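Listed below are the residues making up each chain.
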Amino acid sequence: MKKVRFTETVLRDANQSLAATRLAFDQFEAILKTLDQAGYYSAEVWGGATFDVCLRFLNEDPWERLRKIRAAMPNTRLQMLLRGQNILGYHHYSDDIVRRFVRASVRNGIDIIRIFDALNDPENLKVAIEETVNCGAIASGAISYTTSPVHTLENYVSLVREMKRMGASTICIKDMAGIMSPKEAYDLVAAIKDAVDLPVVVHTHSTTGLAFMTCLKAVEAGADILDTAISSFSGGTSQPATETLDYVLREYGYETDLDQSKLLEIADFFKPIRAAFLADGTINPISMATDTQCLSYQIPGGMLSNLLSQLKSLNALDKFDEALLETPRVRADMGYPPLVTPTSQIVGTQAVQNVLAGERYKNVGAELRAYCRGEYGKTPAPIDPEVRAKILAGEEPIQGRFADSLPADIFEKTKAELGDKARCEEDVLSYIAFPPVAEKFFAARQAQEEKICRYSIVQVEE
């Protein structure tokens, strides 16, 4: 019988989806050895929002966090999520920076890099995939899954073939909004399997209540690996529960390699952490519920929360229903981008702006203007020409690949500017990704070390 493998997401996507990525290293350090013994295909531990949040909120060096996870989990593949040419930030970087970041990630402990692009533009994937392969790591090419008049099976299969040509070793269907139905999963997995001889990974969210059925039908169609979250951090905007899918697949005769006693230990470990996060508001109970609005508006759970947050901060919660209706309209105007970072933020923010202004595209943010200039890549369908003309106001869209126009010497310049603040290449890369946040972290790190040093001197003198 076929073997189905599991990727555990509790340290990255489940953490990000439910708890705003607020799990600090010392909160989960004690369970790493058990995670390493549980029989997972891989553990997703890095990338996505973890990098930003470590620096911004947790006062952790994300690179050091990765190295400590690597040391504690020597037997499990460690996996990260990379936003293609955006790396872990929200705009494009030069090819040199992408390559340096990939090399540093692998050097510090990453085995698998899942690489996606918010527009599914192959031009934004190729450098990261190529460098991952050059480093001897596994490049997992990801489809940002969505539905629209232009997102057809044929187009998805064409993208998959292109990612294989680039060097991808596995293909991931990344359903960030949890909108992929069981039938759509079956049809897409079957089409990919017919097109390329590569393992297929299915990543979905439980937001709409479809996830368990979707995963089961995907396996029936030939999916090889499922992304799941340990039960105590599963459900809602997170992934479906690891133990539940393991139980169901075993009943159907599939092999899984998971150690159920270890899974029980992991689930019990995270239960009090979940309870504490619920108690202090880190986890909003709403994020753990089923929300079928995503099926109508294709808005991921995190984007839905962001819309609510924006409107609340502007004292305009009464405009929420209007903003929901406006979001798919903006998405259509923008050429049907999949709603995933950073396009979800760009589209959602503009929908709110349109509703509050009472006039569509009267107020336009810098990110949407950059999107219309072509800085984020080729859109799935053409941007509405009238809307684009209104936004650009006579400015011409860029020609060719935006990354080719970026300076290639940014690393050396940044290194020189930082001087002693940057102690290694990783520090420079942190600063390039998030300049003000990284600089604040460097200052806090220096202050903490000086405080420890002063304390040590006092202890010796006493």
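The coordinates are above.
Thresholds applied
- Each chain has its residues counted from 1, running along the sequence as written.
- Given that the model is predicted, a residue must reach a pLDDT of at least 70 before its local features are reported, and side-chain atom pairs must reach 80 or more before they are shown or counted; all residues, however, enter totals for whole chains, interfaces and linings.
- Each side-chain value is derived from all of the structure's non-hydrogen atoms; neither hydrogens nor water enter the calculation.
- Here a pair means two rings of Phe, Tyr or Trp (six-membered ring of Trp) with centres within 6.5 Å. Their orientation is stacked below 30 degrees between planes, edge-to-face above 60, and tilted elsewhere.
- Remark: exposure states derive from per-residue accessible area (1.4 Å probe, protein chains only) relative to the maximum for the residue type, with buried under 20%, exposed over 50%, and partly exposed in between.
- A run of H or I in DSSP counts as a helix once it spans at least four residues, and a run of E counts as a strand once it spans at least two, with each numbered from the N terminus.
- To sit over a ring, a charge needs its Lys NZ or Arg CZ within 6 Å of the ring centre and within 35 degrees of the ring normal.
- A contact between two residues is defined here by any heavy atoms of the two lying within 4.5 Å.
- Expected span, for any helix, means 1.5 Å times one less than how many residues it has.
- Definition used for salt bridges: Asp or Glu carboxyl oxygen within 4 Å of a side-chain nitrogen of Lys or Arg.
- Residues belong to a common nonpolar core when they are buried Ala, Val, Leu, Ile, Met, Phe, Trp, Tyr or Cys residues joined through side-chain atoms within 4.5 Å.
- Whether a crossover is right-handed depends on one test, that the path from the first strand over the helix to the second runs clockwise when the strands point away from the viewer.
- Strands are labelled as partners when DSSP assigns at least two bridges between them.
- The axes are straight lines fitted to the C-alpha atoms, using for helices just the contacting stretch, and the angles between their N-to-C directions are given from 0 to 180°.

A few words on the packing of aromatic side chains. By the definition in use, this model includes 14 aromatic pairs. Centroid distance Trp46 to Phe51: 5.6 Å. Interplanar angle 75°. Geometry classified as edge-to-face. Among the residues examined, Trp46 registers a relative accessible area of 0% and is labelled buried. Judged by relative accessible area, which is 0%, Phe51 ranks as buried. Each ring, one from Phe51 and one from Trp63, has its centre 5.6 Å from the other, and the planes form 85°; the classification is edge-to-face. Of this pair, Phe51 sits in helix α4 (residues 50–58) while Trp63 sits in helix α5 (residues 62–72); the two residues are 12 residues apart in sequence, bridging distant segments of the chain. Overall, Trp63 belongs to the buried group, its relative accessible area being 0%. Taking NZ or CZ as reference, Arg22 lies 3.9 Å from the ring centre of Phe57, over its face. Residue placement shows Lys174 over the ring face of Phe116; its charged tip is 5.0 Å from the ring centre.

A separate point is the environment of Ala229. As for its position among the elements, Ala229 is in the loop between β8 (225–228) and α11 (242–251). Classification of Ala229 by relative accessible area gives buried; the value is 0%. Spatially, the C-alpha atom of Ala229 lies 16 Å from that of Asp257, the residues being 28 residues apart in sequence. Beyond its immediate sequence surroundings of up to four residues, Ala229 is in contact with Glu8, Thr9, Ala14, Ser234, Ser238, Gln239, Pro240, Ala241, Thr242 and Glu243.

Right, let's talk about helix α16 (residues 343–357) for a bit. Since there are 3.6 residues in each turn of an α-helix, residues three or four apart along the chain are aligned in direction. In a regular helix each residue adds 1.5 Å, so 15 residues correspond to 21 Å; α16 covers 21 Å between its end C-alpha atoms and thus fits that length. For α16, the complete set of buried residues consists of Thr343, Ser344, Ile346, Val347, Gly348, Gln350, Ala351, Val352, Asn354 and Val355.

A few words on the pattern of salt bridges. Enumeration according to the criterion identifies 39 salt bridges in this entry. Between Glu44 and Arg12 there is a salt bridge; the shortest N-O distance is 3.2 Å. Taken together, the positions of Glu44 in strand β2 (residues 42–47) and Arg12 in the loop between β1 (5–8) and α1 (13–19) put the pair 32 residues apart, joining distant regions of the chain. We note that Glu44, like Arg12, is buried. One salt bridge connects Glu395 with Arg373, and the closest N-O pair in it is separated by 3.6 Å. With Glu395 in the loop between α18 (385–392) and α19 (410–418) and Arg373 in helix α17 (residues 366–373), this residue pair connects regions lying 22 residues apart in the sequence. When its relative accessible area of 37% is taken as the criterion, Glu395 is described as partly exposed.

Before going further, it helps to spend a moment on the nonpolar core. Among the nonpolar cores identified, the biggest contains 101 residues, and Leu82, Phe101, Phe233 and Phe270 are the most heavily contacted of them. Setting aside its immediate chain neighbours within four residues, Phe233 contacts Val10, Ala14, Asn15, Leu18, Ala19, Leu23, Ser238, Phe270, Ile273, Arg274 and Phe277. Ranked by size, the runner-up nonpolar core spans 28 residues in total, among them Ala316, Ala323, Leu324 and Ile391.

With that settled, the discussion passes to the pairing of strand β6 (residues 170–174). Across the five residues that make up β6, a large majority, five, are buried. Side-chain alternation along β6 places Thr170, Cys172 and Lys174 on one buried face and Ile171 and Ile173 on a second face that is also buried. This β-α-β element, strand β5 (residues 138–144) to helix α8 (residues 153–166) to β6, shows right-handed connectivity. Sheet topology note: the β6/strand β7 (residues 200–203) ladder contains four bridges and is parallel. The residue bridging Ile171 from the neighbouring strand is Val200, located in β7. Read as a crossover between parallel neighbours, the route from β6 over helix α9 (residues 182–195) to β7 is right-handed.

Before going further, it helps to spend a moment on the sheet that holds β7. Read around the closed barrel, the eight strands follow the order β1-β2-β3-β4-β5-β6-β7-β8; overall the barrel is parallel. The average undirected angle you get between the axes of adjacent strands in this sheet is 30°. Direction of pairing for β7 relative to β8: parallel, over a ladder of two bridges. Its bridge partner being in β8, Val201 is matched across the sheet by Ile225. Across the sheet, α5 lies against β2 and β3 (77–82), angled at about 165° from β2, the strand it touches most. Across the sheet, helix α6 (residues 95–107) touches β2, β3 and β4 (112–115), and the angle it forms with β3 is around 155°.

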